[in-house]
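Each chain, letter by letter, is given below.
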Amino acid sequence: MIGSSGDLKCRSEVQIALSMKICSSIAEGRAACRAARASGKRLGLVPTMGALHEGHLSLVRAARAQCDAVAVSIFVNPTQFGPKEDLAKYPRPFDRDCRLLEKEGVEILFAPAVEEIYPKSNSNAEGTWVVVEGLSEKLDGRSRPGHFRGVTTIVSKLFHILEPEAAFFGQKDAAQLAVIRRMVCDLNFAVEIVACPIVRESDGLAMSSRNAYLDGEERRHALVLQRSLQETRQRFQAGERTAARLIAAAMEVLARVPQVALDYFEMVDPETLDPVEQVSQATLVAVAAYVGSTRLIDNTVLNP
Ligand code: PAF
């Protein structure tokens, strides 16, 4: 269980060693961020679930470039995991994460326990939720019911607690980005949402904390996701504009690796996530698949 006393002990040990301010309570996180803003600093927030990799660090660097102070949150949010998903085994290398953030010069780390964020209940049975209806059931939301409700609820909480001027999210989670943008617009949050490009391993695999679950063979199989997107891009560059034909070409590529079980391959409007028939404006091509028991996602955007 996250937020166990073992976890907290590890947090306080790290706090002694590092100069970055580590806040485990809402009051501390709020006060640290308010103090940064009160001294006239533009505050950037990078929300994460930890197990940091170069993708996360690229968000931190973007925040550093665009803001005067950077806050990062590490919180493995239980409400965005389905009952059969990987909440219990989600990696939590907290000490390592702290060191990486310290090296990047992050000023504030907000790392609350589950009970701090969800004191009444972390079950899905009751309470207040933030839901972007219409978008939350699309793409990943279709195969992970309740996932985006958990994401928008925790991101709203983080925005209320830390009140950043800007928040940085990876383009890899393109559907998440669309849902968060819509939430920010509909609920008038005074925060700028900044999308940062996908960071890839040297072989092209999109960086993800879940890549750590893959063994050598699965890792090789996983590369088909990116190859399917490249196929779409190449056909698009050669002049193909009909989504059905572009999708069919990608399906052929994916079918060559039967060990990879496709969840979806879709071409959609990046804002509404509605399927497109012809690529006449910027179009999100998104893929999700299971490699063994690991669910991976990737995407690219086609710009005519
Ligand atoms: O993208 C993630 O890591 C998570 O969904 C987020 C935005 C930190 C919310 O828990």
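Counting restarts for each chain, with residues numbered from 1 along the sequence as it is written. For a predicted model such as this one, the threshold for reporting local features is a pLDDT of at least 70, and the threshold for listing and counting side-chain atom pairs is 80 or more; totals across whole chains, interfaces and linings nevertheless cover every residue. In computing side-chain values, all of the structure's heavy atoms are included and hydrogens and water are not.

*Asks:* Please set out the nonpolar core residue by residue, giving values where relevant.
*Replies:* Grouped burial of nonpolar side chains is what soluble globular proteins tend to show. Among buried residues, those of type Ala, Val, Leu, Ile, Met, Phe, Trp, Tyr and Cys that are joined through side-chain atoms within 4.5 Å constitute a nonpolar core. Here the term buried applies to any residue with accessible area under 20% of the maximum for its type, exposed to any over 50%, and partly exposed to those in between, with areas from a 1.4 Å probe on protein chains only. Membership of the largest hydrophobic core comes to 46 residues, with the highest contact counts inside it found for Phe 159 and Ile 193. In this analysis, two residues are considered to be in contact whenever any of their non-hydrogen atoms come within 4.5 Å of each other. Leave out the neighbours within four places in its chain, and Ile 193 touches Phe 159, Ala 167, Phe 169, Leu 177, Ile 180, Arg 181 and Val 184. Counting residues in each nonpolar core, the second largest holds 25 residues, with Ala 243, Leu 246, Ala 289 and Leu 296 among its members.

*Asks:* Can you explain the site of the ligand? Please cite residues and give values.
*Replies:* We define proximity as follows: a residue is near a molecule or strand when any one of its heavy atoms falls within 4 Å of that partner. Near the ligand, the surroundings consist of Pro 47, Thr 48, Met 49, Asn 77, Gln 80, Val 151, Ile 154, Phe 169 and Gln 176. Polar contacts, as counted here, are pairs of nitrogen or oxygen atoms within 3.5 Å of one another; within protein the pair requires one atom able to donate a hydrogen and one able to accept it, and residues that are adjacent in sequence qualify only if both atoms are side-chain atoms. Here an oxygen atom of the ligand and a side-chain polar atom of Gln 80 are 2.6 Å apart. With respect to the ligand, the side chain of Gln 176 contributes an N or O atom lying 2.7 Å from an oxygen atom. Isolated, the ligand exposes 290 Å² of accessible area, and the fraction of that covered by the protein chains is 88%. Each helix is a run of DSSP H or I of at least 4 residues and each strand a run of E of at least 2, with the numbering of both proceeding from the N terminus. Looking at the shell around the ligand, the elements with two or more residues in it are strand E2 (43–48) and helix H7 (147–162). The nonpolar class holds Ala, Val, Leu, Ile, Met, Phe, Trp, Tyr, Cys and Pro. Asp, Glu, Lys and Arg form the charged class, and all remaining residues, Gly among them, are polar. Per-class residue counts for the shell around the ligand are five nonpolar, four polar and no charged. To be clear on the numbers: accessible area is Shrake-Rupley with a 1.4 Å probe, and residue cover counts the displayed protein chains and nothing else.

*Asks:* Provide a residue-level description of the pairing of strand E9 (residues 294–302), including the pertinent values.
*Replies:* Judged by how many residues are buried, E9 sits mostly within the fold: eight of nine residues are covered. In this structure, strand E8 (residues 283–291) lies alongside E9, joined through nine bridges in antiparallel fashion. What sits directly across from Ala 286, in E9, is Asn 299. Here a strand pair is declared whenever DSSP counts at least two bridges between the two strands. With antiparallel pairing between neighbouring strands as the criterion, E8 and E9 make up a hairpin whose turn holds two residues, including Gly 292 at a positive phi of roughly 65°.

*Asks:* Could you give an account of empty space enclosed by the protein, naming the residues involved and the relevant values?
*Replies:* Two kinds of site are reported from a 1 Å grid over the protein atoms alone, namely cavities, where a 1.4 Å probe fits but cannot get out, and pockets, open sets with protein on both sides within 12 Å along at least five of seven lines, and residues are called lining when an atom falls within 4 Å of a point. Grid points are joined across faces, edges and corners, and a volume is the space filled by probe spheres set on the points. Applying the stated criterion across every chain, the model contains two cavities of 30 Å³ or more. Looking at the second largest cavity, its volume works out to about 40 Å³. Together, Leu 139, Asp 140, Lys 172, Asp 173, Ala 174, Ala 175, Tyr 264, Ala 286, Val 287, Ile 297, Asp 298 and Asn 299 line the second largest cavity. Elements supplying a minimum of two residues to the lining of the second largest cavity: helix H8 (174–186), E8 and E9. Residue contributions to the lining of the second largest cavity peak at three residues, all from E9. Here the residues of the lining of the second largest cavity sort into seven nonpolar, one polar and four charged.

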